Amino acid sequence: MRGSREILAPGATIGILGGGQLARMMGHAAARLGLNVHIYSPVADCPAAQIANLLITGEYDDAESIIKFASDCDVVTYEFENVPAVTAKAAASEAPLRPNARALDVAQDRLTEKSFLQAQLGIDVAGFEDIDNVFTLRRALKRLGYPGVLKTRRLGYDGKGQVIIRSEPDIDAAWEKLGGDTLPENALILEAFIPFTREISIIAARGLDGSCKAYPLTENTHENHILHTSLAPAPRDNGEAQKIAFKILDALDYVGVIGVEFFEMKTGKLLVNEIAPRVHNSGHWTQNGGCIDQFEQHIRAVAGWPLGSTVPNCRVKMTNLIGEAVNQWPALALQANTHIHLYGKKEVRAGRKMGHINQTS
Ligand code: AMP
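Bear in mind the structure is a predicted one, so any value in this text is a computation, not a measurement. (Residues numbered from 1 in each chain as written. Predicted model: local features only at pLDDT ≥ 70, side-chain atom pairs only at ≥ 80, totals over all residues. Heavy atoms only, no water.)

**As for helix 2 (residues 63–71)**
Moving on, step 1. All of the buried residues along helix 2 are Ser65, Ile66, Phe69 and Ala70. Buried residues of helix 2 fall within an arc of 130° about the axis and therefore sit on the same side. Away from its buried face, by an angle of more than 90 degrees, helix 2 presents the exposed residues Glu64 and Lys68.
Moving on, step 2. On its buried face, helix 2 is in contact with strand 1 (13–17), strand 2 (36–41), strand 3 (54–57), strand 4 (75–78) and helix 3 (85–92). (Buried < 20%, exposed > 50% of the residue type's maximum accessible area, 1.4 Å probe, protein only. Helix = DSSP H or I, 4+ residues; strand = E, 2+ residues; numbered from the N terminus. Arc of directions from axis to C-beta. Contact = heavy atoms within 4.5 Å.)

**Section: the site of the ligand**
Moving on, step 1. Taken together, 16 residues lie around the ligand, and Arg110, Lys151, Ile194, Glu199 and Asn273 are the ones closest in.
Moving on, step 2. One of the side-chain nitrogen or oxygen atoms of Lys151 is found 2.7 Å away from an oxygen atom of the ligand.
Moving on, step 3. Here a nitrogen atom of the ligand sits 2.8 Å away from a polar atom, N or O, in the main chain of Ile194.
Moving on, step 4. When isolated, the ligand has an accessible area of 480 Å², and the protein chains bury 93% of it.
Moving on, step 5. When residues of the shell around the ligand are traced back to their parent elements, those giving at least two are strand 6 (148–152), strand 8 (188–192), strand 13 (256–264) and strand 14 (270–276).
Moving on, step 6. Residues that form the shell around the ligand fall into these classes: six nonpolar, four polar and six charged.
Moving on, step 7. Each of domain 2 (127–192) and domain 3 (198–360) accounts for three or more of the residues forming the shell around the ligand. (Near = heavy atom within 4 Å. Polar contact = N/O pair within 3.5 Å; in protein donor to acceptor, adjacent residues only side chain to side chain. Areas by Shrake-Rupley, 256 points an atom, 1.4 Å probe, with all protein chains shown as cover. Nonpolar A, V, L, I, M, F, W, Y, C, P; charged D, E, K, R; others polar. Domains from an automatic or database assignment.)

**What about the side chain of Gln294?**
Moving on, step 1. With respect to the element layout, Gln294 can be found in helix 9 (residues 294–302).
Moving on, step 2. Look past the residues within four positions of Gln294 in its chain and what remains in contact with it is Ile203, Tyr215, Val257, Val279, His280, Gly283, His284 and Thr286.

**Section: the sheet that holds strand 4**
Moving on, step 1. Spatially, 3-2-1-4 is the arrangement adopted by the four strands of the open sheet, whose pairing is parallel. One side of each edge strand has no neighbouring strand; the edge strands of this open sheet are strand 3 and strand 4. In this sheet, adjacent strand axes meet at a mean angle of 25° when their direction is disregarded.
Moving on, step 2. Pairing of strand 1 with strand 2 involves five bridges; the strand directions are parallel. (Pairing = 2+ DSSP bridges. Axes fitted to C-alpha atoms, helices over the stretch in contact; angles between N-to-C directions.)

**Description of a nonpolar patch on the surface**
Moving on, step 1. A contiguous nonpolar patch, built from Trp329, Ile340 and Leu342 and spanning about 270 Å² of accessible area, is present on the exposed surface.
Moving on, step 2. By relative accessible area, which is 31% here, Ile340 ends up partly exposed. (Patch = residues over 30% accessible without salt bridge, like charges linked within 9 Å, V, L, I, M, F, W, Y side chains within 5 Å. Salt bridge = Lys/Arg side-chain N within 4 Å of Asp/Glu carboxyl O.)

**Quick look at the pattern of salt bridges**
Moving on, step 1. Applying the stated criterion to the full structure yields 21 salt bridges.
Moving on, step 2. With a shortest N-O distance of 2.6 Å, Arg198 and Glu264 are connected by a salt bridge. Here Arg198, found in strand 9 (residues 198–206), pairs with Glu264, found in strand 13; they are 66 residues apart in sequence, far enough to count as distant.
Moving on, step 3. For Arg198, a relative accessible area of 6% puts it in the buried group.
Moving on, step 4. A single network of salt bridges, built from pairs that share partners, joins Arg32, Asp293, Glu296 and Arg300.

**Here's the deal with the nonpolar core**
Moving on, step 1. Core analysis: the biggest nonpolar cluster contains 48 residues, and Leu17, Val76, Ile202, Ile248, Val260, Phe262 and Val272 have the highest contact counts within it.
Moving on, step 2. If one sorts the elements of this core by residue count, helix 8 (residues 240–251) sits on top with six residues.
Moving on, step 3. Each of two domains, domain 1 (13–97) and domain 3 (198–360), supplies a minimum of three residues to this core.
Moving on, step 4. The residues contacting Val260, other than those within four sequence positions of it, are Ile200, Ser201, Ile202, Ala245, Ile248, Val272, Glu274 and Ile275. (Core = buried A, V, L, I, M, F, W, Y, C linked by side-chain atoms within 4.5 Å.)

**Observations regarding the sheet that holds strand 5 (residues 128–131)**
Moving on, step 1. Read across the sheet, four strands follow the order 5-8-6-7 without closing on themselves; strand pairing throughout is antiparallel. Sheet topology places strand 5 and strand 7 (162–165) at the edges, where each strand pairs with a single neighbour. Along the sheet, successive strands turn relative to each other by an average axial angle of 25°, direction set aside.
Moving on, step 2. Bridge analysis of strand 6 against strand 8 gives five bridges, and the strand direction is antiparallel. Bridge pairing links Thr152 to Leu188 in strand 8.
Moving on, step 3. Most of the contacts of helix 6 (residues 134–144) go to strand 5, to which it runs at about 175°, and overall it touches strand 5, strand 6, strand 7 and strand 8.

**Some details on the packing of aromatic side chains**
Moving on, step 1. Applying the stated criterion across every chain yields a total of five aromatic pairs.
Moving on, step 2. Taking 5.0 Å as the distance between ring centres and 5° as the angle between the ring planes, the aromatic pair formed by Phe196 and Phe263 counts as stacked. Here Phe263 lies in strand 13 and Phe196 lies in the loop between strand 8 and strand 9, a separation of 67 residues in the sequence.
Moving on, step 3. The exposure class assigned to Phe263 is buried, which follows from its relative accessible area of 11%.
Moving on, step 4. An angle of 85° between the planes, with centres 6.0 Å apart, marks the rings of Tyr215 and Trp285 as edge-to-face. Here Tyr215 is found in the loop between strand 10 (212–214) and strand 11 (218–223), whereas its partner Trp285 is found in the loop between strand 14 and helix 9, with 70 residues between them in sequence. Assigned by exposure class, Tyr215 and Trp285 land together as buried.
Moving on, step 5. Taken together, Tyr40, Tyr60, Phe69 and Phe80 form an aromatic cluster joined through their ring pairs. (Phe/Tyr/Trp six-rings, centres within 6.5 Å; stacked < 30°, edge-to-face > 60°.)

Shown next as structure tokens:
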């Protein structure tokens, strides 16, 4: 195994599974530290292709191709949590996989994730039930009450693969909408609808030596289930979110950056919504906060370097440029204290994340 050395020196190679904007921004950070980046992506013309030292195109379930890719890397990481288990295993046979396959396992299935958080770590989450047919769905709604949120256990993101059930007559339509009887068994989960007062997240990191650091709390707003803005440091931070994030990092023997999303209740109580074992959209503000940004932090962690400062020197509001909003760049470029980050995507599509801005104050 090439990457068995614990601390990577400049000139070493980091392999990233995935070629989207997160890989692109990790690549920028790696380049600043003198590290090379190899990208593995099914799409040749992906955002990270423009910054990679090497791009290998291949499918995520092509173990042979992944093994070849990983054998040229000193460490392998990933930009999304739906890397198939077989891929993760193949990569890990050739180079250290950071974060490890256990983190992927937990994060890619909402049921495994919630059970891990609640049963193993005693962390509060929304009430949930495993759903395998429309009868268990009806029973679960009686137990958890209305409204409920029916979600696919796997591959859901930005509100895709979920539907709110407000009352009994909605049940059949919701079941059909998510694929109902065509789905494999145990593909769905029902969650209690949480009347949260705000959505917040914490971006934290754990180094190879087990040390943990977190950025200040971030307050998030969503539009059409897609993250729209993140404000940091958020008001009213009692340190609880950070404590929870560190508990998760230690339990997973994690190396790298993690994003933990929470619902905050009127009482101040926090429920974990989900964990993302990777750099996270709500951490993009760190790029212009005057601290070591989340992308460099992740590269530092997986390369075995010490973690950098997470203390910002200003307030930052991040706004995603979604779809046509990216065409506002000429006006945005005239604004003082607005930092523009574009992802090099050629095709503008509704709902597609094309870039973001960070406005400092
Ligand atoms: P998710 O893909 O699970 O992060 O959900 C996307 C968004 O849908 C969240 O950021 C919330 O705004 C909303 N949402 C998801 N699950 C729930 C829930 N159980 N209760 C209330 N709102 C939810």
